[in-house]
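Topology and contacts: notes
Take a look at the letters that make up each chain.
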Amino acid sequence: MWLKSKKIDKNKIKTWLVTGASSGVGYEICKELLARDYNVIAVSRRIPDFNHENALCLSMDVTKPESIKQVIEKGIERFGKIDVLSSNAGISANVTLEEETLEHMKEVMETNFFGTFNVINAILPHFRKNKNGTIICNTSQSGISCRAFGSAYVSSKHAIEGLASVCWHETRKFCRVMALELGYFKNTEIYKNSLSKKSEIKEYKNLKGFYINFKRDFENQLPIAIDYMIKEVEKKKLPRRLMLGKDALIQIGAEIDWLKKDFAKSRIRALSCAKPTKKTLIQKIFKK
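Residue indices begin from 1 for each chain and proceed along its sequence in written order. Confidence filtering applies because this is a predicted model: local features only for residues at pLDDT of at least 70, side-chain atom pairs given and counted only at 80 or more, and all residues used for totals across whole chains, interfaces and linings. To get the side-chain values, take all heavy atoms of the structure and skip hydrogens and water.

1. Examining the sheet that holds strand β3 (residues 55-59)
Whether two strands pair comes down to DSSP finding at least two bridges between them. Only DSSP runs of H or I covering at least 4 residues are called helices, and only runs of E covering at least 2 are called strands; the numbering of each starts at the N terminus. As summarised here, the arrangement of the seven strands in space is β3-β2-β1-β4-β6-β7-β9, forming an open sheet in which the pairing is parallel. The open sheet has two edge strands with one neighbour each: β3 and β9 (241-244). Taking each pair of neighbouring strands and ignoring which way they run, the sheet shows an average axis angle of 15°. Strand direction decides the pairing type here: strand β4 (residues 84-87) and strand β6 (residues 134-138), joined by four bridges, are parallel. Residue Ser-87 lies in a different strand from β6, and its bridge partner there is Cys-137. Against the sheet, helix α2 (residues 65-79) contacts β1 (15-19), β2 (39-44) and β3, and its axis sits at roughly 165° relative to β3. Note on geometry: axes are lines fitted to C-alpha atoms, helical ones only across the stretch in contact, with angles between N-to-C directions running from 0 to 180 degrees. Only heavy atoms enter the contact rule, under which two residues are in contact if any of them lie within 4.5 Å.

2. Section: the side chain of Thr-111
Tracing the backbone through its elements, the reader meets Thr-111 in helix α3 (residues 102-130). Setting aside residues no more than four positions away along its own chain, Thr-111 makes contact with Arg-45, Val-62, Thr-63, Ala-89, Gly-90, Ile-91 and Thr-116.

3. Side note on the packing of aromatic side chains
Each aromatic ring pair is described using two quantities: the centre-to-centre distance and the angle formed by the ring planes. A pair of aromatic rings is counted whenever rings of Phe, Tyr or Trp (Trp by its six-membered ring) have centres within 6.5 Å, and the orientation is called stacked for planes under 30 degrees apart, edge-to-face for over 60 and tilted otherwise. Counting across every chain of the model gives six aromatic pairs. Through a chain of ring-to-ring contacts, three or more aromatic side chains come together here, namely Phe-210, Tyr-211, Phe-214 and Trp-258. Taking NZ or CZ as reference, Lys-10 lies 4.5 Å from the ring centre of Tyr-38, over its face. Here the basic side chain of Lys-261 rests over the ring of Trp-258, its NZ or CZ set 5.2 Å away from the ring centre. We call a charge positioned over a ring when the NZ of a Lys or the CZ of an Arg lies within 6 Å of the ring centre and within 35 degrees of the ring normal.

4. Some thoughts on empty space enclosed by the protein
Using a probe with the size of a water molecule, rolled over the atoms, empty space left in the structure can be pinpointed. Within this scheme a cavity is a closed region of a 1 Å grid, computed over the protein atoms alone, that accommodates a 1.4 Å probe without allowing it to escape, whereas a pocket is open but has protein on both sides within 12 Å along at least five of seven lines; lining residues each have an atom within 4 Å of a point. Grid points are joined across faces, edges and corners, and a volume is the space filled by probe spheres set on the points. Using the criterion set out here, one finds two cavities of 30 Å³ or more in the structure. By volume, the largest cavity is sized at about 50 Å³. Around the largest cavity, the lining residues are Glu-161, Ala-164, Ser-165, Trp-168, Val-177, Met-178, Ala-179, Arg-240 and Arg-241. Contributing elements (two or more residues each) for the lining of the largest cavity: α4 (151-170) and β7 (176-182). At four residues, α4 tops the list of elements feeding residues into the lining of the largest cavity. Reported here for the second largest cavity is a volume of approximately 40 Å³. If you go around the second largest cavity, the residues you meet are Ser-87, Asn-88, Ala-89, Asn-112, Thr-116, Cys-137, Asn-138, Lys-157 and Ile-160. Broken down by secondary-structure element, the contributors of at least two residues to the lining of the second largest cavity are α3, β6 and α4. Side-chain classes are defined by residue name, with Ala, Val, Leu, Ile, Met, Phe, Trp, Tyr, Cys and Pro counting as nonpolar, Asp, Glu, Lys and Arg as charged, and the others, Gly among them, as polar. Counted by class, the lining of the second largest cavity contains three nonpolar, five polar and one charged residues.

5. Some thoughts on the pattern of salt bridges
Any carboxyl oxygen of Asp or Glu within 4 Å of a side-chain nitrogen of Lys or Arg constitutes a salt bridge here. Taken as a whole and assessed by the stated rule, the structure comprises 14 salt bridges. The shortest N-O distance in the salt bridge between Asp-37 and Lys-14 comes to 3.6 Å. Placement of Asp-37 in the loop between α1 (24-35) and β2 and of Lys-14 in the segment before β1 is noted, with a sequence separation of 23 residues between them. By relative accessible area, which is 21% here, Lys-14 ends up partly exposed. Accessible area is worked out with a 1.4 Å probe on protein chains only. A residue is then buried under 20% of its type maximum, exposed over 50%, and partly exposed in between.

6. Details of the layout of surface pockets
By volume, the second largest pocket amounts to about 270 Å³. Along the wall of the second largest pocket there are 16 residues; nearest its centre are Gly-133, Arg-172, Phe-174, Cys-175 and Arg-176. Residue composition of the lining of the second largest pocket, by class: six nonpolar, four polar and six charged.

Rendered as structure tokens:
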């Protein structure tokens, strides 16, 4: 059951900057926002195609800070301000760690992680000046859980998860931050520009993607997920994380279980590493 929450003033979330807007999740977010009368600055390397009076469609390369700066300036010029950043730009990859190359690893990190960093880094001064802003980082379920053949992609998403957490902590006086952890949704073109390479090493052949078995007897519906995401942003209180898709729940849940087990096993040894200071001992004596 969803807890009721007060609605945020719509003027505080009126104008969205959406990256990765020419296809997949970013495109569907823009389409739904425009249907709800929001202003949308839709950006990607290939100029998005939205014929709507509330849309500003621009080309932007998240790996080039100057390109990002120009888009932010044009967005502010058109709408007066930017209220929400929805960061979705990214590429996938399916290669084993042993068969991965440094060049390809850097390419994925450059787009996924450093691209996300560049956009957040560029928009924060505007949010701080306005004392208002919302950041939605599409970290995917891979930001918390792992899979085989995902050394580049999963590493980049784990890094974005960390970036989003630091941003949440540092900017709480003027900005809301939420990690969007999506499972797999059809027609998001996540694998369109990805490098997929079948392993030539026998030990990796027939390796299942995830380390626990679960039946994929379901199909996640992207319109439902986007509706939930926008409704969360429309509330005053934003959760740190929003997990959407049945597979996201299963896989992230499995990681949480592992973390709990490791935490419990480490507890006694972790505490034994700490020795009381003199100040602590004196405090204990006086308490007696």
